[in-house]
Protein chains: 2
Amino acid sequence: MTTSDQFKQAAHKLLVIPGPIEISDDVLFANAHPSMSHVSPEFIPVLGDCIRMTRTVVDTAEGQPFLIAGSGTLGWDQVAANLVERGENALVLHTGYFGDSFTECLETYGANVDQIKAEIGATVSQEAIESALKSKKYKVLTFTHVDTSTAVLSNAKAIAETVRRVSPDTLVVLDGVCSVASEEIHMDAWDIDIILTATQKGLGTPPGLSVVVASKRAIEVFNSRKTRVTSYYGSWKKWLPIMKAYESGNAAYFATPPVNLIYAFNASLTKITKSSPSLAQRYELHRTASQRIKTAAKELGLKPVPLEPTSAANGMTALYYPDGLGAGDILPRLVKKGVVVAGGLHANIKDKYFRIGHMGISAVEQSRGDVDTVIVALKETLAEARAAK
Amino acid sequence: MTTSDQFKQAAHKLLVIPGPIEISDDVLFANAHPSMSHVSPEFIPVLGDCIRMTRTVVDTAEGQPFLIAGSGTLGWDQVAANLVERGENALVLHTGYFGDSFTECLETYGANVDQIKAEIGATVSQEAIESALKSKKYKVLTFTHVDTSTAVLSNAKAIAETVRRVSPDTLVVLDGVCSVASEEIHMDAWDIDIILTATQKGLGTPPGLSVVVASKRAIEVFNSRKTRVTSYYGSWKKWLPIMKAYESGNAAYFATPPVNLIYAFNASLTKITKSSPSLAQRYELHRTASQRIKTAAKELGLKPVPLEPTSAANGMTALYYPDGLGAGDILPRLVKKGVVVAGGLHANIKDKYFRIGHMGISAVEQSRGDVDTVIVALKETLAEARAAK
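Each chain carries its own residue numbering, running from 1 in the direction its sequence is written. Here every chain gets a letter starting at A, and every ligand a number starting at 1, in the order they are written. Where totals are concerned, whole chains, interfaces and linings use all residues; where local detail is concerned, this predicted model gives features only for residues with pLDDT of at least 70, and gives and counts side-chain atom pairs only at 80 or more. Think of the side-chain values as coming from all heavy atoms in the structure, minus any hydrogens and water.

The name recorded for chain A in an unreviewed UniProt entry is alanine--glyoxylate transaminase, from Rhodocollybia butyracea. Entered under Cofactor (unreviewed entry) in the UniProt record, the comment concerning chain A runs "pyridoxal 5'-phosphate". Listed under Sequence similarities (unreviewed entry) in UniProt, the entry text for chain A is "Belongs to the class-V pyridoxal-phosphate-dependent aminotransferase family." UniProt positions are given in the numbering used here, feature names are shortened, and annotations may be inferred rather than shown by experiment.

When the copies are overlaid, the least-squares fit takes in C-alpha atoms only where the residue has pLDDT of at least 70 in both copies. You can overlay chain A on chain B at an RMSD of 0.0 Å; the transform is a turn of 180° with a shift of 0.0 Å along its axis. Here the copies are linked by what is in effect a two-fold axis. Residues of chain A ranked by C-alpha distance from the rotation axis are headed by Gly70 of chain A, positioned 2.2 Å from it. Any pair of residues with heavy atoms lying within 4.5 Å of one another is described as a contacting pair. Counting the interface residues of chain A, we find that 100% of their copies in chain B are interface residues as well, pointing to one common contact surface.

Moving on, we get to the pairing of strand S4 (residues 112–117) of chain B. All names here are of chain B. Judged from the six bridges that link them, strand S3 (residues 89–94) and S4 form a sheet pairing that is parallel. The residue of S4 that forms the bridge with Leu91 is Asp114. Following the chain from S3 across helix H5 (residues 97–108) to the adjacent parallel S4, one finds a crossover that is right-handed. By this definition, two strands are paired if DSSP reports at least two bridges between them. Starting at the N terminus, helices and strands are each numbered in turn, a helix being any DSSP run of H or I of at least four residues and a strand any DSSP run of E of at least two. Assignment of crossover handedness uses the view with strands pointing away from the viewer, where a clockwise path from the first strand over the helix to the second indicates a right-handed crossover.

Right, let's get into the interface of chain A and chain B. Opposite the 55 residues of chain A that make contact, chain B presents 55 residues. Buried area is a sum: the accessible area each of two parts loses on coming together, probed at 1.4 Å, counted once for each and added. The largest contributions to the chain A side of the interface with chain B come from Ser35, Tyr232 and Tyr233 of chain A, which together make up 16% of the buried area. The salt bridge criterion pairs a side-chain nitrogen of Lys or Arg with a carboxyl oxygen of Asp or Glu, the two atoms within 4 Å. One can count four salt bridges joining chain A with chain B. Polar contacts here mean pairs of N or O atoms no more than 3.5 Å apart (in protein, one a potential hydrogen donor and the other a potential acceptor; neighbouring residues in sequence count only if both atoms are side-chain atoms). In this assembly, chain A and chain B are joined by 19 residue pairs in polar contact (both at pLDDT 80 or more). Secondary structure elements with two or more residues in the side of chain A that touches chain B: helix H2 (25–31), helix H4 (73–83), helix H5 (97–108) and helix H11 (259–274) of chain A. Broken down by element, the side of chain A that touches chain B gets its largest block of residues, seven residues, from H5 of chain A. As a working rule, the residues Ala, Val, Leu, Ile, Met, Phe, Trp, Tyr, Cys and Pro are called nonpolar, Asp, Glu, Lys and Arg charged, and the rest polar, with Gly in that last group. For the side of chain A that touches chain B, the per-class residue count stands at 29 nonpolar, 18 polar and eight charged.

The next thing to look at is the sheet that holds strand S8 (residues 171–175) of chain A. Strand pairs in the sheet, formed through backbone hydrogen bonds, run parallel or antiparallel to each other. Residue and element names in this part refer to chain A. Sheet architecture is open: seven strands sit in the order S2-S10-S9-S8-S5-S3-S4, paired in mixed fashion. Bordering the open sheet on either side are strand S2 (64–69) and strand S4 (112–117), each of which pairs with just one other strand. Across the sheet, the axes of successive neighbouring strands diverge by a mean angle of 20°, strand direction being ignored. In this analysis an axis means a line fitted to C-alpha atoms, helices contributing only their contacting stretch, and an angle means the value between N-to-C directions, from 0 to 180 degrees. Set on the sheet, H5 makes contact with strand S3 (89–94), S4, strand S5 (140–144), S8 and strand S9 (194–198); between it and S4 the angle comes to about 170°.

This part covers the domain arrangement of chain A. Residue and element names in this part refer to chain A. One can read the domain layout of chain A as domain 1 (3–18 + 277–388) and domain 2 (26–274). Start and end points for every domain follow an automatic or database-based domain assignment. Each of domain 1 and domain 2 has a C-alpha centre, and the two are 27 Å apart. With 28 residues of domain 1 at the contact, the number on the domain 2 side is 28 residues. Both sides together, the interface formed by domain 1 and domain 2 hides about 2200 Å², and carbon and sulfur atoms give 61% of it. For the domain 1 face of the interface with domain 2, the top three residues by lost area are Leu279, Tyr283 and His346, together amounting to 25%. Note that Lys271 and Glu365 form a salt bridge whose closest N and O atoms lie 3.7 Å from each other.

Another point: the side chain of Gln78 of chain A. Within the fold, Gln78 of chain A resides in helix H4. Excluding its chain neighbours within four sequence positions, the residues that come into contact with Gln78 of chain A are Phe66, Ile68, Leu83, Ser210, Val212, Gly234 and Trp236 of chain A.

Attention now goes to the layout of surface pockets. Any residue with an atom within 4 Å of a point lines the site, the site being either a cavity, points on a 1 Å grid over the protein atoms alone where a 1.4 Å probe fits but cannot get out, or a pocket, an open set with protein on both sides within 12 Å along at least 5 of 7 lines. Grid points are joined across faces, edges and corners, and a volume is the space filled by probe spheres set on the points. Taken as a whole, the largest pocket encloses approximately 1000 Å³ of empty space. Ser37 and Val39 of chain A together with Ala342, Gly343 and Arg355 of chain B are the residues nearest the centre of the largest pocket, which is lined by 48 residues in total. Elements supplying a minimum of two residues to the lining of the largest pocket: helix H4 (73–83), H5, helix H13 (327–336), strand S12 (339–340) and strand S13 (353–357) of chain B. For the lining of the largest pocket, the element with the most residues is H13 of chain B, which contributes three residues.

Have a look at this one:
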């Protein structure tokens with residue numbers, strides 16, 4: 001019986017798309033917590049601890065987390081509605097699908113957006129960023145740390161350094177939906193102003209929570225707005241007192257928090273930030289899992305979407321189908337073996353590649369054997385697909 | 001051993017606040033579903049069925065549901081950002097806390113808002129509505145079907161009739177966060193344009209999903225907007241194709257849906273719409289539970305916040321503390337007996353009253369004995385509190 005045969009018998013297929021990811025049983029169990037009042041003394045510290053542990057994950061001492069029911073997309077609305085005023089300029093570094101979406105979101109709230117577009121699989125050069133920052137005053141610069149559509153990893157530290165050197169007041173916004181807890185992030189040391197993410201990827205929790213952390217600089221910019229915040233549900237005017245209240249052990253009400261999901265998030269954050277392996281070890285385990293899959297893919301003749309190994313994500317892998325084969329040859333065969341990967345998402349190459357996620361417990365809990373399962377299934381699938389041609 | 005003594009031993013305290021409510025084990029279990037891809041063939045019909053069953057709950061044939069990760073509040077943003085254009089007029093019927101919040105939300109997106117304010121415990125009269133509608137052209141009229149802060153139930157059918165007679169183009173927006181599935185609603189027959197709600201009350205599911213249903217008229221008004229939609233995350237331009245895709249059995253992507261919560265919502269909706277007791281019987285069971293609690297409260301000398309029995313909610317009860325007693329005398333004693341009720345929320349009377357929820361399984365599954373538990377605990381508590389004075 002091969003590894004992939006074993007998985008056919010499991011309760012569910014192995015979910016290795018770049019989010020939602022496999023969730024551990026204890027986190028799922030916490031998601032089934034008996035219903036609790038959102039203002040009860042039992043629940044208040046559960047949310048309070050989530051706020052504190054979110055800070056730990058992104059390595060910030062004083063960043064202000066916002067935990068709000070919603071998808072990762074709501075983080076873009078929060079940036080656009082709270083930090084950018086109508087007519088101000090935003091610079092979007094574009095490494096795939098999500099650069100276009102963030103652009104549209106910023107424009108919805110009245111920003112003038114310029115994009116610097118990298119070719120598919122590449123990152124934006126520091127020279128291009130520097131030149132754009134010198135051409136006009138930007139309120140925010142945004143980049144997708146790992147673009148889920150291409151698996152391209154941008155150099156967050158270098159981008160922030162360029163911004164601080166050339167345009168120190170520009171807020172650096174890191175879209176970390178596909179990077180937080182799977183790629184190394186040091187919010188304070190790198191001087192990042194906004195990290196926005198969601199729970200269903202590296203954070204190992206079901207989807208449904210928008211997670212944003214704002215630097216002191218970002219909160220100061222927010223506090224000195226001249227015009228009204230342009231979202232109600234996403235308004236920090238509403239949420240800042242709520243987050244401060246729960247963190248200090250008091251209840252406050254603006255909108256009902258997703259109580260069960262907060263229990264689940266707490267369970268996952270506790271594992272990530274307060275148990276072994278450490279956060280640093282977790283990053284290393286993600287790199288190891290990533291290298292194993294990327295090496296196996298190379299041996300199978302699969303070409304990665306990222307052009308340079310140094311700009312390839314550690315939490316996911318995007319691979320072009322080999323010559324003559326397409327989605328229909330690969331994905332259904334993998335599903336039959338109990339392995340669920342994702343098709344393409346970037347419009348220009350949508351049907352030419354597929355994506356594998358290796359975040360959270362699939363990368364960290366090596367005893368699960370998820371990486372082996374994926375590699376074996378991939379090998380078998382390619383052999384079968386090639387034989388069938 | 002009294003009923004309240006038994007509850008002390010239960011795994012958790014009985015949650016009888018006006019939302020979140022007690023959730024059945026099968027719904028909690030569904031919330032712990034193994035992680036699934038949001039675009040998998042297994043998940044697509046789960047979301048598709050939620051869309052269809054949501055229609056059933058509000059009794060509409062062609063209303064368009066929107067199921068989006070968020071709290072009930074996000075429904076206000078959807079109304080304000082999709083249906084009202086900058087400078088248009090909105091009329092808010094105010095029966096408590098939520099009238100003020102909805103007003104602020106509408107203003108955030110550029111509406112000019114007029115309020116008609118009922119005195120605390122009362123509803124807005126049809127004469128006042130008629131007079132306001134004659135004074136100027138309103139794009140939308142909003143009302144809180146059950147105001148969670150006062151337990152006042154507005155007459156949705158009468159309000160819609162007045163609007164159709166006096167100002168037929170005005171969209172009728174029913175805030176049903178505290179009424180859907182616990183109070184009778186017939187969206188089509190009453191000609192309501194928007195019903196917005198959330199999952200954690202009558203719908204018997206953990207919090208974290210904004211549920212909005214839009215009439216054909218509302219969708220036409222949306223489609224004939226002259227200006228850009230003013231929210232990104234809440235934009236129906238984005239969500240309408242997604243909802244249509246999932247309902248027709250296809251995957252589509254805008255933002256990751258809260259997959260586990262959708263499984264939970266599906267489990268609860270299946271019970272509500274496809275099993276015994278019927279929806280009509282459920283409304284009757286809510287009325288019965290409500291009458292039992294209100295009668296017991298009257299016998300205990302507790303005065304309800306709603307001034308008229310005909311405008312009192314069936315899913316919750318708001319009661320003034322009796323003379324000489326306050327929150328500190330009542331709420332901690334109830335908690336000790338394992339019963340969690342809610343304090344006041346309406347700013348003007350915050351410390352003078354408390355609220356009991358009796359929605360979902362606490363009202364419908366009589367064998368649970370939740371209503372008895374509440375009544376016994378209330379009786380014991382009042383006796384103890386009065387004796388201690």
